[in-house]
2 protein chains.
Amino acid sequence: MAPAAEVSTNQQFLGDETRNRQEIGNNVNASYKVTVVGSGNWGSVAAKLIASNTLKLNSFHDEVKMWVYEETLPNGDKLTDVINQTNENVKYLPGIKLGKNVVADPDIANAVKDANMLVFVTPHQFMEGICKRLEGKIKEEGVQAISLIKGMEVKKEGPCMISTLISEKLGVNCCVLMGANIANEIAVEKFSEATVGYREDEEVAERWVKLFGTPYFQVSAVQDVEGVELCGTLKNVVAIGAGLVDGLDMGNNTKAAIMRIGLREMKAFSKLMFPSVKDSTFFESCGIADVITTCLGGRNRRVSEAFARNGGKRSFDELEAELLQGQKLQGVSTAREVYEVLSHRGWQELFPLFTTVHKICIGLLPPSAIVEYSEHTPNFSLVEGSAEYY
Amino acid sequence: MAPAAEVSTNQQFLGDETRNRQEIGNNVNASYKVTVVGSGNWGSVAAKLIASNTLKLNSFHDEVKMWVYEETLPNGDKLTDVINQTNENVKYLPGIKLGKNVVADPDIANAVKDANMLVFVTPHQFMEGICKRLEGKIKEEGVQAISLIKGMEVKKEGPCMISTLISEKLGVNCCVLMGANIANEIAVEKFSEATVGYREDEEVAERWVKLFGTPYFQVSAVQDVEGVELCGTLKNVVAIGAGLVDGLDMGNNTKAAIMRIGLREMKAFSKLMFPSVKDSTFFESCGIADVITTCLGGRNRRVSEAFARNGGKRSFDELEAELLQGQKLQGVSTAREVYEVLSHRGWQELFPLFTTVHKICIGLLPPSAIVEYSEHTPNFSLVEGSAEYY
């Protein structure tokens, strides 16, 4: 069908790199100042999306600050200087213009001091340290945050969510944005979707939707921050299962079954952890679509496939080092953390896929065990229908 | 995890081809006699699954009748004779033993006359004729039916479901079985799942689950015959969309988004047609898993990919003839039929994916239009929350 009118309007602004720095920042009615904390591959794409929107929406200041962990490039230049001169993150998103209104800053306190919209997009293991550095540095009132960080930690007493960490350490409300978001595909403006999870304030959620959404990046909001955030982590465990199926050459039927069972266990686990989690969240981009993307491509799937092809004889650590050149797998550690929760509460039988993935990862079961468990309908109906396990 | 006890027990019976014909049929307590109407690729696999279970479950007669549309093979043999001599459907499932207790019969009236469980698995366009031939030929009482037929017809006034056709023409209750079921993968006993949809009688549903289920073919039942059956048809429209994305080289993000939007429109369309349809059905194998399988492989996806690679310059008919050697695409005709319902009721804007797929198929829009529509949240929330369109 023909694009709707609003889409056509939006498209006038896409790839609009012609405004120069002098024109930027003149929006006197703007209420919101955005800072992106993080500048890796996904952080840079997020800055590009946001910068295209702040230029055209009156309620946002045009300028988008981006905190960059300073690095010296091989030619001796500072990364922040190169970003500000070329509008390109030459190290983590080469070849893509971020927009002239993105301003890189190596000083985190300076980057956040005027912002009332903070976008967090760093590796999750850095967030505790970053929160400490930000204490007392952000504005005292009216600050909203959003986390794009996938892969929080699951501890025995339950998941330790990054959005909760940010809320508690900084005293701000924190939404999340998750979805089927391979950064390099969004960078070249291929169509995709994402989901904002929010706690209570629908108006704030709508503001994030406006800030991120473009015709090629469709964002919708659901009132279920825990459900959305848990999707972003748990999908990596499912991807390990899907990779095993690929490595065993089991075919598309089996892979679809494992993805489905995985999504079901994601839903059941999330609902047991947080009874407020909604079934409908798993139909959103953060649920089914991200499971699909992660199980079709992605590093967890890839290393897991190699693990199965080697009959489990080479460890995940070894294969990770060989195949990922320093990038890290999250699925294996998340599977272990989820298993700790399950065994702590006696729930292993309710989650045959999660349990089996962990046992395969640590060598207790062979890769073929991924298709050797059976579905226990009575147990599963407990998960679906009963509150006694909450 | 280690297979549960029930699974181990089941596995003793798998591939048990050692019992000879004399031992078969001696089960004096058996209440249920099964006939499979149809003997193509999927019908033969269904007969194999069923035959492995009737041997081990006391409530079923060992013998499974299979109506075979008689054909003369190139060497002059009759297909039914070869099946009964070799236990193999050499034409449609070569290399796979069906079980000695499967008895092929070219006479449809004779095949069904003693049966009280009828399994229908033929191309959907033959079902009206088959029902006519069966009128007055089946037992007068106690007959249950199940349809494995994907691809019923969607007419302006609503979908004409195969299970309804069977129920009305034969005066029997009819369940359905759908799922991520590539027949050749199940034939070699690769792990997969399926969903039985039933109307009211849970005991009957459980009987079908027992008759089909094996450790490698996990069947569950949901009380939603329309939802399950519509999944089996509508997924082919989504597969056309996914194939276009492949042909445009849009990547996994976009493909996941199209699959997700497709599943959402399947759900919304089914609920508008039949308000009793349940959201949870789309989490079952017939929903998400079948969408995944069909969008990863499958002939609809394949022809649609070729269509997009040719920039829409060669018609679906032409590509179908070239690529499928006589097999038929269902997605294109289903998209047309769905579109007729949508335009008849003024619902096109509620279903941008279904509408766009149809317009691309008939050349009204270019293949790239598949990613050029936008999501209308207010409209969609009408579909989700309001009864006024029912």
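Residues numbered from 1 in each chain as written. Chains lettered and ligands numbered in written order. Predicted model: local features only at pLDDT ≥ 70, side-chain atom pairs only at ≥ 80, totals over all residues. Heavy atoms only, no water.

Thoughts on unusual backbone geometry
The line we're drawing: When a residue's accessible area, from a 1.4 Å probe over protein chains only, is under 20% of the maximum for its type it is buried; when over 50% it is exposed; and in between it is partly exposed.
For Glu 189 of chain A, which is not a glycine, the phi torsion comes out positive at approximately 65°. Accessibility expressed as a relative area gives 32% for Glu 189 of chain A, which makes it partly exposed.

Some thoughts on the interface of chain A and chain B
Stated precisely, the cut-off is as follows: Pairs of residues are marked as contacts when any of their non-hydrogen atoms sit within 4.5 Å. Buried area counts how much accessible surface, traced with a 1.4 Å probe, disappears from two parts once they are put together, with both parts' losses summed. What makes a salt bridge here is a side-chain nitrogen of Lys or Arg within 4 Å of a carboxyl oxygen of Asp or Glu, nothing more. Whenever two N or O atoms come within 3.5 Å, that pair is a polar contact, provided that in protein one can donate a hydrogen and the other can accept it, and provided that, for residues adjacent in sequence, both atoms are side-chain atoms. Where helices and strands are cited, they refer to DSSP runs of H or I of at least four residues and of E of at least two residues respectively, numbered from the N terminus. Residue polarity follows a fixed list, in which Ala, Val, Leu, Ile, Met, Phe, Trp, Tyr, Cys and Pro are nonpolar, Asp, Glu, Lys and Arg are charged, and the others, Gly among them, are polar.
Each side of the interface is counted separately: chain A has 51 residues, and chain B has 52 residues. Interface area for chain A against chain B, summed over the two sides, is near 4600 Å², with a carbon-plus-sulfur share of 61%. As a salt-bridge pair, Glu 193 of chain A and Arg 260 of chain B come within 2.6 Å of each other at their nearest N and O atoms. At the junction of chain A with chain B, the criterion picks out 16 residue pairs in polar contact (both at pLDDT 80 or more). In terms of residues, the side of chain A that touches chain B owes the most to one element, helix H10 (residues 252-273) of chain A, which gives 11 residues. Looking at the side of chain A that touches chain B, its residues break down into 26 nonpolar, 14 polar and 11 charged.

Re helix H14 (residues 331-345) of chain B
Residue and element names in this part refer to chain B. Selection rule: Given a helix with a known number of residues, its expected span is that number minus one, times 1.5 Å.
For H14, built from 15 residues, the straight-helix expectation of 21 Å at 1.5 Å per residue is met to within 8% by its first-to-last C-alpha distance of 21 Å. Every buried residue of H14 is accounted for by Gly 331, Thr 334, Ala 335, Glu 337, Val 338, Tyr 339, Val 341 and Leu 342. Positioned one or two residues after H14, Gly 346 has a phi angle of 75°, which is positive.

So, the packing of aromatic side chains
We apply this condition: For Phe, Tyr and Trp, rings pair up if their centres lie within 6.5 Å, where Trp contributes its six-membered ring, and each pair is then called stacked (planes under 30 degrees apart), edge-to-face (over 60) or tilted (otherwise). Two conditions define a charge sitting above a ring: the NZ of Lys or the CZ of Arg must be within 6 Å of the ring centre, and it must be within 35 degrees of the ring normal.
The tally for this structure, following the rule as stated, stands at 15 aromatic pairs over all chains. Note on Phe 351 of chain A and Phe 354 of chain A: the rings are 6.0 Å apart at their centroids and 5° apart in plane angle, and the pair reads as stacked. Neither residue differs from the other here; Phe 351 of chain A and Phe 354 of chain A are each classed as buried. Aromatic ring contacts, followed pair by pair, group Phe 269, Phe 351 and Phe 354 of chain A into a single cluster. Cation over ring: Lys 267 of chain A sits above Phe 283 of chain B, and NZ or CZ is 4.5 Å from the ring centre.

Looking at the sheet that holds strand S8 (residues 173-178) of chain B
Residue and element names in this part refer to chain B. Here is the rule: Two strands pair if DSSP finds at least two bridges between them. Throughout, an axis means a line fitted to C-alpha atoms (over the contacting stretch in the case of helices), and angles, computed between N-to-C directions, take values from 0 to 180 degrees.
Pairing is mixed across the open sheet formed by 8 strands, whose spatial order is S3-S2-S1-S4-S5-S8-S9-S10. Unpaired on one side and paired on the other, strand S3 (102-105) and strand S10 (217-222) mark the two borders of the sheet. On average, each strand axis in the sheet is tilted by 25° relative to the strand beside it, whichever way the strands run. Direction of pairing for strand S2 (residues 60-67) relative to S3: parallel, over a ladder of 4 bridges. In the strand pairing of S3, Val 64 is matched with Val 102. Sheet strands touched by helix H6 (residues 162-170): strand S4 (117-120), strand S5 (144-147) and S8. Its angle to S8, the strand with the most contacts, is close to 155°. Across the sheet, helix H8 (residues 202-212) lies against strand S1 (32-37), S2, S4, S5, S8, strand S9 (192-197) and S10, angled at about 170° from S10, the strand it touches most.

A word on the environment of Val 121 of chain A
All names here are of chain A. As for its placement among the helices and strands, Val 121 is situated in the loop between strand S4 (117-120) and helix H5 (127-134). When its relative accessible area of 8% is taken as the criterion, Val 121 is described as buried. For the pair Val 121 and Pro 352, spaced 231 residues apart in sequence, the C-alpha to C-alpha distance is 32 Å.

Focus on the UniProt feature "binding site: substrate" (unreviewed entry) in chain A
Residue and element names in this part refer to chain A. Put simply, the test is: UniProt positions are given in the numbering used here, feature names are shortened, and annotations may be inferred rather than shown by experiment.
With numbering matched to this structure, UniProt assigns "binding site: substrate" (unreviewed entry) to Lys 150, Arg 299 and Asn 300. A stretch of 151 residues holds the annotated residues, and the largest C-alpha distance among them is 13.8 Å, short enough that they meet in one place. Inspection of the secondary structure puts Lys 150 in the loop between strand S5 (144-147) and strand S6 (153-155). Beyond its immediate sequence surroundings of up to four residues, Lys 150 is in contact with His 124, Met 178, Gly 179, Asn 181, Gly 232, Lys 235, Asp 290 and Gln 330. In this structure the side chain of Lys 150 is engaged in a polar contact, spanning 2.7 Å, whose partner is the backbone oxygen of Gly 179.

Description of a negative patch on the surface
Let me state the cut-off plainly: Surface patches are defined over residues having more than 30% relative accessible area and no salt bridge, joining like charges when they lie within 9 Å and nonpolar side chains (Val, Leu, Ile, Met, Phe, Trp, Tyr) when within 5 Å. Reported accessibility uses the Shrake-Rupley method at a 1.4 Å probe radius. Residues are deemed covered only where the shown protein chains occlude them. The charged-residue count follows a simple rule in which Lys and Arg add positive charge and Asp and Glu add negative charge, with His and chain termini not counted at all. All charge positions are set by atom: Lys at NZ, Arg at CZ, Asp at CG, Glu at CD.
The grouping of Glu 200, Asp 201, Glu 202, Glu 203 and Glu 206 of chain A at the surface amounts to a negative patch. Position of Glu 202 of chain A among the secondary structure elements: in helix H8 (residues 202-212).

Section: H10 of chain A
For H10 of chain A, which comprises 22 residues, the first-to-last C-alpha distance of 31 Å matches the rise-based estimate of 32 Å (1.5 Å per residue) to within 8%. Of all 22 residues that make up H10 of chain A, 21 are buried, and the element is covered over most of its length.

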